[in-house]
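What follows is the residue order along each chain.
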Amino acid sequence: MTAALDLRGVTKQFGDHPVLRGLDLTVEAGQIFGFIGENGAGKTTTMRLILGLERPDAGSLQVFGQPVTFGRTPTNKMIGYLPDVPAFYGDMSAREYLRLCAAITAGDPADIAPLLHEVGLADDHRHIAGFSRGMKQRLGIAQALLGKPQLLICDEPTSALDPAGRNDFLTLLSGLRGSLTIVLSTHILTDVERICDHVGILHDGVLQEQGPLAALKNKYAQAAISLTFASEAETATAAKILNILASTPAASTQQAPAAPTPLTLPYTGDYAPAATRVMAALAQAGLAPLTFARVDPTLDQVFMEVIRSTTPD
Ligand SMILES: Nc1ncnc2c1ncn2[C@@H]1O[C@H](COP(=O)(O)OP(=O)(O)OP(=O)(O)O)[C@@H](O)[C@H]1O
């Protein structure tokens, strides 16, 4: 099947500052792809290259098998784009604005009412100037979806939203799953964890990792059990016991920390057998933890580990 996005060996330099150093990136059709990287990693530059707004120094970019050309690239007919803070004409209503967009992009005005409904905006005369940031972002999505794109690119779409607005926006984006391909460029990793099924990590000008979120978590982060005890003495005893347990493949522990620092026991395999072994060992020693919690691996851990492993000492 033709990939929604296929970038090969893309390099881009501003002056003497190299930003992309041979970027390979593939997004398959239907994915919700989280494109993540630190501030200044080159995410927006990559988006601008895909939209034909920047010219690559080298390499090739394809959207659904068609080459991206610098300037008015025909591939943009297949793309809807939502910038971080979209700009609107404040004295227009949402409908008037979308009608203008439809006229410019040869979109169908008949799509406006269903689109406003889909993004949860009232089809009334209220001026955009009075919209909240969350409402503006909803209008931005409606505008991006107006031409019925196959690929939706969102560049840092939640960075200006408060937690409630972010939650609403992610629910809206997640509801589009299955109807088109989405690339979500961001450094807010919890957003990516919430809605993306695939992830690419941009660092030092190249994609250091790319794959299903679950597979990357398996590769780079480890599930753990976190325990706290009532006293320093109990913590030390538990650490000793669990160190003994670490000689089995099920669990290992860090150095005994001073109370009340939790003990963290990474484990492999399923949670239930690992937890049962830990509880049995503690029960045998007459130790009752104050808290016993499963800690799932996070994208944050994956990201930090990828950055750490690819940054020279
Ligand atoms: N037109 C330009 N001229 C010169 N330098 C630029 C230009 N556009 C981007 N840069 C530089 O390229 C680097 C990458 O910027 P870019 O905006 O692509 O990063 P980003 O990953 O989107 O960062 P952020 O998360 O902060 O938005 C930065 O150092 C930026 O200053």
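- As annotated in an unreviewed UniProt entry, the protein carries the name ABC transporter ATP-binding protein and is attributed to Lacticaseibacillus yichunensis.
- Under the UniProt heading Sequence similarities (unreviewed entry), the entry covering the protein gives this text: "Belongs to the ABC transporter superfamily."

**With respect to the overall build of the protein**
(1) Moving on: A tally of helices and strands in the protein yields 10 helices and 13 strands.
(2) Moving on: The dimensions of the protein, computed from C-alpha atoms along their principal axes, are 75 × 45 × 35 Å.
(3) Moving on: Within the protein, the fraction of its 313 residues that count as buried is 44%.
(4) Moving on: Here the analysis covers contacts within the protein between residues at least 6 apart in sequence; of these, 67% occur between residues at least 24 apart.
(5) Moving on: Charged side chains in the protein number 24 positive and 31 negative. The centres of these two groups are separated by 3 Å.

**With respect to helix α2 (residues 94–105)**
Structurally, the α-helix is built with 3.6 residues per turn, so residues lying three or four positions apart point the same way.
(1) Moving on: With 12 residues, α2 extends 16 Å between its outermost C-alpha atoms, agreeing within 8% with the 16 Å of an ideal straight helix rising 1.5 Å per residue.
(2) Moving on: Restricting attention to buried positions, one finds in α2 the residues A94, Y97, L98, C101 and A102. Projected down its long axis, α2 carries its buried residues within an arc of 140°, all on one side. Counted as exposed and oriented over 90 degrees from the buried face of α2: A103 and I104.
(3) Moving on: If you follow the buried residues of α2, they end up packed against α3 (112–119) and α4 (133–145).
(4) Moving on: A positive phi of about 60° marks A106, the residue just after α2.

About the thresholds
- Residues numbered from 1 in each chain as written.
- Predicted model: local features only at pLDDT ≥ 70, side-chain atom pairs only at ≥ 80, totals over all residues.
- Heavy atoms only, no water.
- UniProt positions renumbered as here; feature names shortened; annotations may be inferred.
- Helix = DSSP H or I, 4+ residues; strand = E, 2+ residues; numbered from the N terminus.
- Buried < 20%, exposed > 50% of the residue type's maximum accessible area, 1.4 Å probe, protein only.
- Contact = heavy atoms within 4.5 Å.
- Lys, Arg positive; Asp, Glu negative; His and termini not counted.
- Charge placed at Lys NZ, Arg CZ, Asp CG, Glu CD.
- Expected span 1.5 Å × (residues − 1).
- Arc of directions from axis to C-beta.

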